[in-house]
Amino acid sequence: MNAQPKPALAPVAPPSTPATPPARQARWQDVLPPAAILGPSIALLAAVIFFATQSERFLTGQNFSLILQQVMVVGVIAIGQTLIILTAGIDLSCGMAMALGSVVLTKFAVDHGMDPYAAVACGMAVCVLIGYVNGALVTSIKLPPFIVTLGTMNIAFAITQIYSQAQTVTGLPEAMTFFGNTFRIGATSITYGTVLMLGLYLLTWLFLRETAPGRHVYAVGNNPEAARLTGIATSRVLVGVYMVAGLFYGIAALLSVARMGVGDPQGGQTDNLDSITAVVLGGTSLFGGRGSVVGTLIGVLIVGVFRNGLTLMGVPSVYQILVTGILVILAVATDQLTHKKG
């Protein structure tokens, strides 16, 4: 008796695998964790609500415009500081680089009769040069960014005092004070410098989110060795970041000159700490590789709102510094706990 052929078995379909999440969604979660923005946003909202109950002048368009004017210089410096901290570095020289740039661009125009636009370019070039020196020392000699920028901070301060003879530069051409001029929206006067600051934040956000060099900044800050093994020129990225940060310091120098109407060699002495404060309050990790300029803008506004609100309440400035210090410690402690948990 012949055996009956066995029926062919139907092919078993492979187990279904979860659909791969879209690249954009994964990238957004990696770069901008919701908690990194949610916490600072809640803090900013709570501060606004509190000070609105303490002063009826707080919730006015003119007062908000004043807050933006007061933070626009530190706000632009903080963009450069954010880029550096994203690479797990830090820049203590930013305030003095800004001061040196402001003295150079004003003295070139006033004392040497240089075209104002060329003088501005020279001042910015000085700031970019300081950024290049910082980046070169960090990458070539492998010195810690803290030590390198501490040294260049003192060098920039000394050069500023020597070159300016500790004298304020006055009599500036109108082209240098343009960004201090205002235009009106309803009853509120807004400076062109404020618009420039917000535009720079938008451009930097797009750069970090949408371009390959922006992704490389996060990669180097997250794990420089892994970034190098994937073909990223880590040294080139670091030098580029410090130079771009220097460019932002040069723009901040122009905004400082426009707002004050003078070249002040004594300016910028606390802007390094103010910029670091804004970056940390905005949720950018001091360990690198995590954060956003959106958070930095929120951090800048938190500092501005606290100082403005406490001033309206008649609180002495020394207590404003005290509150800022407490906020910084809380933000750094949160970052430390988050890093350990991760």
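Every value quoted in this text rests on a predicted model; they were computed, and no experiment measured them.

### A few points about the pairing of strand β2 (residues 188-191)
Both faces of β2 are covered, namely the face carrying T188 and I190 and the face carrying S189 and T191. Pairing of strand β1 (residues 182-185) with β2, which is carried by four bridges, proceeds in the antiparallel orientation. By the bridge assignment for β2, T182 is matched with T191.

### Some details on unusual backbone geometry
Residue Q165 is not a glycine yet carries a positive backbone phi of 55°. On the secondary structure map, Q165 appears in the loop between α6 (145-164) and β1. Here A166, not a glycine, exhibits a phi torsion of approximately 60°, which is positive. The topology assignment puts A166 in the loop between α6 and β1. The class for A166 is partly exposed, based on a relative accessible area of 39%.

### Observations regarding the packing of aromatic side chains
Enumeration according to the criterion identifies seven aromatic pairs in this entry. A ring pair is formed by F51 and F306, whose centres lie 5.6 Å apart and whose planes are at 90°; its orientation type is edge-to-face. Linking F51 in helix α2 (residues 34-54) with F306 in helix α12 (residues 293-312), this pair joins segments that are 255 residues apart in sequence. Here F51 matches F306 in class, with each residue buried. The rings of F50, F51, F58, F64 and F306 are connected pair by pair, giving a single aromatic cluster. Above the face of the Y163 ring, K107 is positioned so that its terminal group lies 5.4 Å from the ring centre.

### Some remarks on the pattern of salt bridges
Per the stated rule, a full pass over the model turns up four salt bridges. Between D111 and K107 there is a salt bridge, with its nearest N and O atoms 2.6 Å apart. R307 is paired through a salt bridge with D274; the nearest N and O atoms lie 3.2 Å apart. Of the two residues, R307 is situated in helix α12 and D274 in helix α11 (residues 271-281); the sequence distance between them amounts to 33 residues. You can call R307 partly exposed: its relative accessible area is 30%. When its relative accessible area of 14% is taken as the criterion, D274 is described as buried.

The rules behind these values
Residues numbered from 1 in each chain as written. Predicted model: local features only at pLDDT ≥ 70, side-chain atom pairs only at ≥ 80, totals over all residues. Heavy atoms only, no water. Buried < 20%, exposed > 50% of the residue type's maximum accessible area, 1.4 Å probe, protein only. Helix = DSSP H or I, 4+ residues; strand = E, 2+ residues; numbered from the N terminus. Pairing = 2+ DSSP bridges. Phe/Tyr/Trp six-rings, centres within 6.5 Å; stacked < 30°, edge-to-face > 60°. Lys NZ or Arg CZ within 6 Å of the ring centre and 35° of its normal. Salt bridge = Lys/Arg side-chain N within 4 Å of Asp/Glu carboxyl O.

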